[in-house]
Amino acid sequence: MPEGPSIVIIKEKMQQLKLEGKKVLAVAGNTTIDKEKLVGQKLVAFKSWGKHLLISFKDRTLRIHFLMFGTYLINETKKTPLRLSLHFKDTDLNFYTCAPALIEGDPDEHYDWAADILSPEWDEKAALKKLKALPDTLVCDVLLDQEIFSGVGNIIKNEVLYRIKVHPACTIGSLPPAKLKALVKEASAYSYDFLKWKKAGTLKKNWLVYNKKMCGRCDLPIHKKTMGKTKRGTFFCSNCQKQY
DNA sequence: AAGGATGTTGCCTG
DNA sequence: TCAGGCAACATCCT
């Protein structure tokens, strides 16, 4: 489920249900949030911010984070324990193994839309500015920082670094300005490709480095290492990706 | 077929 | 006191 583009796909699917203006008639599930607060509320809109699916109501917003294994079903159920369901007149939204949260008030006060790599408000300059404040941070860690690159996950991280030919262990401060710019640009550009390929069912086919054994550019082996503070699996070609 | 993974939180330990 | 380690969540892929 997890990276930003997958959440956009869920959002778009739910937007097609025409639930805007409809009231929540009942809720269920083992979530610890005060779900009763949603009963009687009129749905205003489905939104997303990075890996967060947002279902907004007049006075509050329901945030769903799918983590690694979260799933959802529309008008269907399955055996695993129901985390949260929203029952509308003709529609049930059922969420499993996810982390729901209630955000009181206006979501604009909680979310920096300029940080979302798939938002029309994504702001490259703002991202650059945030990056420059972290000269000692590894580029493989910074890409996973949701305050800077909201929606980027481990696949996007690896593919972006391969695309811009930067070794994952470089620090931000060591990168030439052109590479910093490319980093910011590709974080969003690759995410749109990810979205397009995921919709077409061709995502895996288009991976160049993630889970790959050989580099398609130079025919040398792709290395896999756990790297950075984030300790995530990192794939790279030590020949094609430069260490600055 | 066992083990790791597209993620994050929160508890435990030193 | 706080940072790091690590389990938990449940499913799918290799």
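Definitions and cut-offs
- Every chain is numbered on its own, with residues counted from 1 as its sequence reads.
- Chains carry letters and ligands carry numbers; both start at the beginning, A for chains and 1 for ligands, and go up in the order they are written.
- In view of the model being predicted, local features appear only for residues whose pLDDT reaches at least 70, and side-chain atom pairs are presented and counted only at 80 or more, with totals across whole chains, interfaces and linings using the full set of residues.
- Each side-chain value is worked out from all heavy atoms of the structure, with water and hydrogens disregarded.
- A pairing counts as a salt bridge when a side-chain nitrogen of Lys or Arg comes within 4 Å of a carboxyl oxygen of Asp or Glu.
- Under the scheme used here, helices are H or I runs from DSSP no shorter than 4 residues and strands are E runs no shorter than 2 residues, and both carry numbers assigned from the N terminus.
- Using a 1.4 Å probe on the protein chains alone, a residue whose accessible area is under 20% of its type maximum counts as buried, one over 50% counts as exposed, and one in between counts as partly exposed.
- Throughout, the edges of the domains are those of an automatic or database domain assignment.
- When checking whether two residues touch, look at their non-hydrogen atoms; a contact exists if any pair is within 4.5 Å.
- In this description, buried area is defined as the sum, over both parts, of the accessible area (probe of 1.4 Å) that is lost when the two are combined.
- Polar contacts, as used here, are pairs of N or O atoms within 3.5 Å; protein pairs need one atom able to donate a hydrogen and one able to accept it. Residues neighboring in sequence count only if both atoms are side-chain atoms.
- Whether a residue is near a molecule or strand depends on its heavy atoms: it is near if one of them lies within 4 Å of it.
- Each residue is assigned to one of three groups, with Ala, Val, Leu, Ile, Met, Phe, Trp, Tyr, Cys and Pro labelled nonpolar, Asp, Glu, Lys and Arg labelled charged, and all others, Gly among them, labelled polar.
- At least two bridges found by DSSP between two strands is the condition for calling them paired.
- Interaxial angle, 0 to 180 degrees, is taken between N-to-C directions of lines fitted to C-alpha atoms, where a helix line uses only the stretch in contact.

Asker: In this structure, what is going on with the pattern of salt bridges? I would like to understand it.
Answerer: Close approach of charged atoms allows side chains with opposite charge to pair. The tally for this structure, following the rule as stated, stands at 10 salt bridges. Two residues, K185 and E124, come together in a salt bridge whose shortest N-O distance is 3.5 Å. Residue K185 is found in helix 5 (residues 177-200), and its partner E124 is found in helix 2 (residues 124-132); the two are separated by 61 residues along the sequence. Residue classification places E124 among the partly exposed positions, given a relative accessible area of 32%. Measuring nitrogen to oxygen at the nearest pair gives 2.8 Å for the salt bridge that ties R163 to E186. One end of the pair, R163, is in helix 4 (residues 154-163); the other, E186, is in helix 5, with 23 residues separating them in the sequence.

Asker: It is not clear to me how the domain arrangement of chain A should be interpreted in this structure. Could you clarify?
Answerer: Think of interface size as the accessible area that goes away when the parts come together; that is how it is often given. Partitioning chain A into domains gives domain 1 (4-111) and domain 2 (123-236). Centre-to-centre separation of domain 1 and domain 2, based on C-alpha positions: 29 Å. Opposite the 9 residues of domain 1 that make contact, domain 2 presents 11 residues. Between domain 1 and domain 2 lies a buried interface of about 820 Å² when both sides are counted; carbon and sulfur atoms form 66% of it. Between K199 and E12 there is a salt bridge, and its shortest N-O distance comes to 3.0 Å. There are 4 residue pairs in polar contact (both at pLDDT 80 or more) connecting domain 1 and domain 2. A per-element tally of the side of domain 1 that touches domain 2 places helix 1 (residues 4-15) first, with 6 residues.

Asker: Would you take a moment to explain the side chain of S191 for this structure?
Answerer: Relative to the assigned elements, S191 resides in helix 5. Judged by its relative accessible area of 0%, S191 is buried. Among all residues touching S191, those that are not within four sequence positions of it are P5, I117, L118, I156 and E186.

Asker: What am I meant to see in the protein's contact with DNA strand C here?
Answerer: Around DNA strand C, the neighbouring residues are F69, K78, T80, T97, K204 and K231. Atoms of DNA strand C within 4 Å of the protein: sugar and phosphate make up 54%, bases the balance. One of the side-chain N or O atoms of K78 is found 3.4 Å from a phosphate oxygen in DNA strand C. Contact between DNA strand C and T80: a phosphate oxygen at 3.4 Å from a side-chain N or O atom of the residue. A class-by-class count of the residues in the surface near DNA strand C yields 1 nonpolar, 2 polar and 3 charged.

Asker: What is the right way to look at the protein's contact with DNA strand B in this model?
Answerer: Around DNA strand B, the structure places 14 residues, and the nearest of them are L67, M68, Y210, K224 and R232. Of all atoms in DNA strand B that approach within 4 Å of the protein, 65% are sugar or phosphate atoms. Here K51 contributes a side-chain N or O atom positioned 2.9 Å from a phosphate oxygen of DNA strand B. Taking H65, its side chain carries an N or O atom lying 3.4 Å from a phosphate oxygen of DNA strand B. The class makeup of the residues in the surface near DNA strand B is 6 nonpolar, 4 polar and 4 charged.

Asker: Is there a simple way to think about the sheet that holds strand 6 (residues 82-87) in this case?
Answerer: Strands sit in the order 1-6-7-5 across an open sheet of 4 strands; the sheet is antiparallel. Each edge of the open sheet is held by one strand with a lone partner, namely strand 1 (26-28) and strand 5 (71-74). Between one strand axis and the next, the sheet turns by 15° as a mean value, whatever way the strands run.

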